Amino acid sequence: MSKFWTPVVKRTDPYVPGEQLNDPDVIKLNTNENPYKPSPRVIEAITKTATGDMQKYPSPTADELREAIAEVNGVKKENVFVGNGSDEVLAFAFYAFFEEGKTLKFPAISYSFYPVYSKLFNIPFEAIPLQDDFTLRAEHYFDAEAGVIFPNPNAPTSIYWPLEEVKRVLEANPDVVVIVDEAYIDFAVGGESAVSLIDQYPNLLVIQTTSKSRALAGLRVGLAIGQPELIEGLVRIKDSFNSYTVDQLALAGATEAFRDTDYFEEKRQAVIATRIETVAALEERGFDVLPSGANFVFAKKDGVDVERLYEQLKAKKVLVRHFKDPLIANYLRISIGTDEQMDEFLKRLDEALV
Ligand SMILES: *Cc1c(COP(=O)(O)O)cnc(C)c1O
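Every value quoted in this text rests on a predicted model; they were computed, and no experiment measured them. The numbering scheme is per chain: residues are counted from 1 as the chain's sequence reads. Restriction of local features to residues with pLDDT of at least 70 applies here, the model being predicted, together with a cutoff of 80 or more for giving and counting side-chain atom pairs; totals for whole chains, interfaces and linings are based on all residues. Only hydrogens and water are set aside; all other atoms, that is, all heavy atoms of the structure, feed into the side-chain values.

Any chance you could break down helix H9 (residues 261-284) for me, citing the residues and the numbers?
The end-to-end C-alpha distance of H9, which contains 24 residues, comes to 35 Å, matching closely the 34 Å that a straight helix rising 1.5 Å per residue would cover. All buried positions along H9 are accounted for by Tyr263, Phe264, Lys267, Arg268, Val271, Ile272, Thr274, Arg275, Thr278, Val279, Ala281 and Leu282. We call two residues in contact whenever any of their non-hydrogen atoms come within 4.5 Å of each other. The secondary structure listing takes helices from DSSP runs of H or I that are at least 4 residues long and strands from runs of E that are at least 2 residues long, numbered from the N terminus. Residues of H9 that are buried sit in contact with helix H2 (40-50), strand S9 (288-289), strand S10 (296-300), strand S13 (332-335) and helix H11 (339-353). In this analysis, the expected span of each helix is defined as 1.5 Å times one less than the number of residues it contains. For every residue, the accessible area obtained with a 1.4 Å probe (protein chains only) is divided by the maximum for its type, and the residue is called buried under 20%, exposed over 50%, and partly exposed between those limits.

In C-alpha cells:
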C-alpha cells in the first residue's frame, strides 16, 4: 500500500498467471498453451517484417489482419476488433459495455480475470454457482443489469455449452451486452461458435484468441467479433488508451496464422486426438474426467489428494494446474501436450500414484 496510489489502484486485486518455469526439462501442462510451434509461414512473415520498416508505426486499424480474421469467420472486416491478447480485448469490452455500479453476471467457476476487471472498473458482480454437473443453466443469466460474460467452452471445466442455451441468454438480455469468451472453441468437437449468431443478436460480442489454437501465446493477439456498433465502441476505448496496441510483428504473424488454414487444421486435429487418448488413459487409471471441448482436461480421482499429487508431479518436473477454490480443489487441470509429453506425463503420474 502506498499513499501515492489512487483508490482504483488500492482496490485492484490483480490476476496471477500460471507459473512460467524456464527449465527446459519441465513438461509444462499448466497454462493451456499449444504444444506445437506456430506455422512456419508465421515465423517467415515476422522475420520479413522485422527486417523491414520497424522504424514506422504499425497500422492503427489493422485492416489486413482484420480482413484475414473476417475471411476465416465468414464475417466482414467491420465486424472484427483486434487487440494485444484477448485479455486486453476483454478489458476494453468491460470498459466499453458494462456500466459502473450495475451488476454483471458470470459463472462462479470460470476465467479468474473476470472478477479482476470487475473490481478495476467498479462493476459489482454476481458469481453464479454452476450446477452439480458443472454445467451452466441459462435461466441463471437472465435479466442481467450490466451484462453477462462466460467462457465457452468454460474454463477450467472444459465443458462446451450448446448454442441453443447461449441464444436463450441473448434473448433474455436484449438491452445489455452478452460476451462469449471463446478462447477454446476450436477444440470443441461438434461445438459451434457463437459467431454464427452475430447478425441475429446486436447484443452479442464473441471474443477469441490466437494464444491457444493458433499456437501464438507469445505474440499476444486477441480479437472480438460482433455488430459494427459494438466494434466501434471497442475502438473508441482503444483509441483513448493507445492507438497501436498490436505491433507490426504481431500484425504480420497473426495475419499469416489466419491465412495458413492447413497448418491450423492439422495441429488442431492433433491436439484433439491426443486429448481423446489422454482422457481414455486417465479413465483407465480411475480418474473422472469432465467432457472436454478444450485443449485441456479437468480430472479428479476419488480418494486421491490432488493438491499433493500436483506437488508430487511438480517434483517429477510435470507442471499441471491446481486451484485452491474449495468448489474445485479436488480437480487438476491438465493441458494437452504432444503425444510424447502425455506419455511421459502418464508415466510420472503412475509413479506418483503408487
Ligand atoms: C487463455 C484465455 C484467455 C486469454 O488469452 P490471451 O489472448 O492470451 O490473453 C481468455 N479467456 C480465457 C477463458 C482463456 O482461457
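Just give me the short version of the site of the ligand, but keep the residues and values in it.
Whether a residue is near a molecule or strand depends on its heavy atoms: if one lies within 4 Å, it is near. Every residue close to the ligand is listed here: Gly85, Ser86, Asp87, Tyr111, Asp181, Ala183, Tyr184, Thr209, Ser211, Lys212 and Arg220. Here an oxygen atom of the ligand and a side-chain polar atom of Thr209 are 2.5 Å apart. Each accessible area value is a Shrake-Rupley result obtained with a 1.4 Å probe; residue values ignore everything except the protein chains displayed when judging cover. With the chains in place, 93% of the 390 Å² that the ligand exposes on its own is no longer accessible. Counting atoms within 2 Å of the grid points, the majority share of the ligand lands in the largest pocket. Polar contact criterion, stated in full: a pair of N or O atoms within 3.5 Å, where within protein one must be able to donate a hydrogen and the other to accept it, and residues adjacent in sequence count only if both atoms are side-chain atoms. For cavity detection a 1 Å grid was placed over the protein atoms alone, and a set of points counts as a cavity when a 1.4 Å probe fits there but cannot get out; an open set counts as a pocket when protein lies on both sides within 12 Å along at least five of seven lines, with lining residues being those that have an atom within 4 Å of a point. Molecule-in-pocket calls rest on the fraction of atoms, with more than half required to lie within 2 Å of the cavity or pocket grid points.

Report on the pattern of salt bridges, specifying residues and quantitative values.
Where charged atoms from two side chains of opposite charge approach closely, those side chains can pair. In what follows, salt bridge is the name for a side-chain nitrogen of Lys or Arg lying within 4 Å of a carboxyl oxygen of Asp or Glu. Scanning the entire structure with this criterion turns up 25 salt bridges. Ionic pairing is found between Lys77 and Asp63, a salt bridge with its closest N-O pair at 3.0 Å. With Lys77 in the loop between helix H3 (63-73) and strand S2 (80-83) and Asp63 in helix H3, this pair connects stretches of sequence that are 14 residues apart. Since its relative accessible area comes to 30%, Asp63 is described here as partly exposed.

Tell me what's going on with the sheet that holds S2, and back it up with residues and numbers.
Strand order in this open sheet of seven strands is S2-S8-S7-S6-S5-S3-S4, and the pairing throughout is mixed. Looking at which strands have only one partner, the edges of the open sheet turn out to be S2 and strand S4 (125-128). Direction aside, the axes of adjacent strands within the sheet are offset by 20° on average. At least two DSSP bridges between two strands are needed for those strands to be called paired. Relative to strand S8 (residues 222-226), S2 runs antiparallel, the two being bridged by four bridges. Residue pairing across strands places Phe81 opposite Ala224, the latter belonging to S8. What counts as an axis is a line fitted to C-alpha atoms, over the stretch in contact for a helix, and the angles between N-to-C directions run from 0 to 180 degrees. Contacts between helix H4 (residues 86-97) and the sheet are confined to S2, strand S3 (104-107), strand S5 (147-151), strand S6 (177-181), strand S7 (204-209) and S8, with S7 contributing the most and set at about 160° to the helix.

Before we move on, could you go through the packing of helix H10 (residues 306-315) against H11 and cite the residues and values that matter?
One way to put it is that H10 packs onto H11 with a least axis distance of 10 Å and a crossing angle of 120°. When the axis of H10 is compared with that of H11, the two are oblique. Considering how the two elements wind past one another, H10 and H11 form a crossing that is right-handed. Residues Leu309, Gln312 and Leu313 of H10 lie in contact with H11, whose contacting residues are Phe345, Arg348, Leu349, Ala352 and Leu353. As a working rule, the residues Ala, Val, Leu, Ile, Met, Phe, Trp, Tyr, Cys and Pro are called nonpolar, Asp, Glu, Lys and Arg charged, and the rest polar, with Gly in that last group. Class assignment for the residues of the contact of H10 with H11 results in six nonpolar, one polar and one charged. Here the angle decides the label: under 35 degrees means roughly parallel, over 145 means roughly antiparallel, 65 to 115 means roughly perpendicular, and every other value means oblique. Handedness of a crossing is defined here by the sense of rotation of the near helix relative to the far one, left-handed for an anticlockwise turn of less than a right angle and right-handed for a clockwise turn.

Tell me about the nonpolar core, and please be specific about residues and values.
Definition used in this section: a nonpolar core is a set of buried Ala, Val, Leu, Ile, Met, Phe, Trp, Tyr and Cys residues joined via side-chain atoms within 4.5 Å. Within the largest apolar cluster, 51 residues are counted, with the highest numbers of intra-cluster contacts made by Phe150 and Leu204. Counting residues per element, this core draws most heavily on helix H8 (residues 248-259), which supplies five residues. Domain limits in this description derive from either an automatic procedure or a database domain assignment. If you count residues domain by domain, this core takes at least three from each of domain 1 (7-37 + 262-353) and domain 2 (40-260). Apart from the residues lying within four places of it in its own chain, the contact partners of Phe150 are Pro107, Tyr114, Leu136, Trp161, Val166, Val169, Val178, Ile179, Val180 and Asp181.

Please provide a residue-by-residue account of a negative patch on the surface, values included.
Taken together, Glu277, Asp339, Glu340 and Asp343 make up a surface patch of like negative charges. Ranked by the residues each element gives to the negative patch, the list is headed by H11, at three residues. Checked against the element boundaries, Asp339 lands in helix H11. By relative accessible area, which is 33% here, Asp339 ends up partly exposed. Without a salt bridge and with relative accessible area above 30%, a residue can belong to a patch; like charges are then joined within 9 Å and nonpolar side chains (Val, Leu, Ile, Met, Phe, Trp, Tyr) within 5 Å. Asp and Glu count as negative and Lys and Arg as positive, but His and the ends of the chain are not part of the count. The location of each charge is read from NZ of Lys, CZ of Arg, CG of Asp or CD of Glu.

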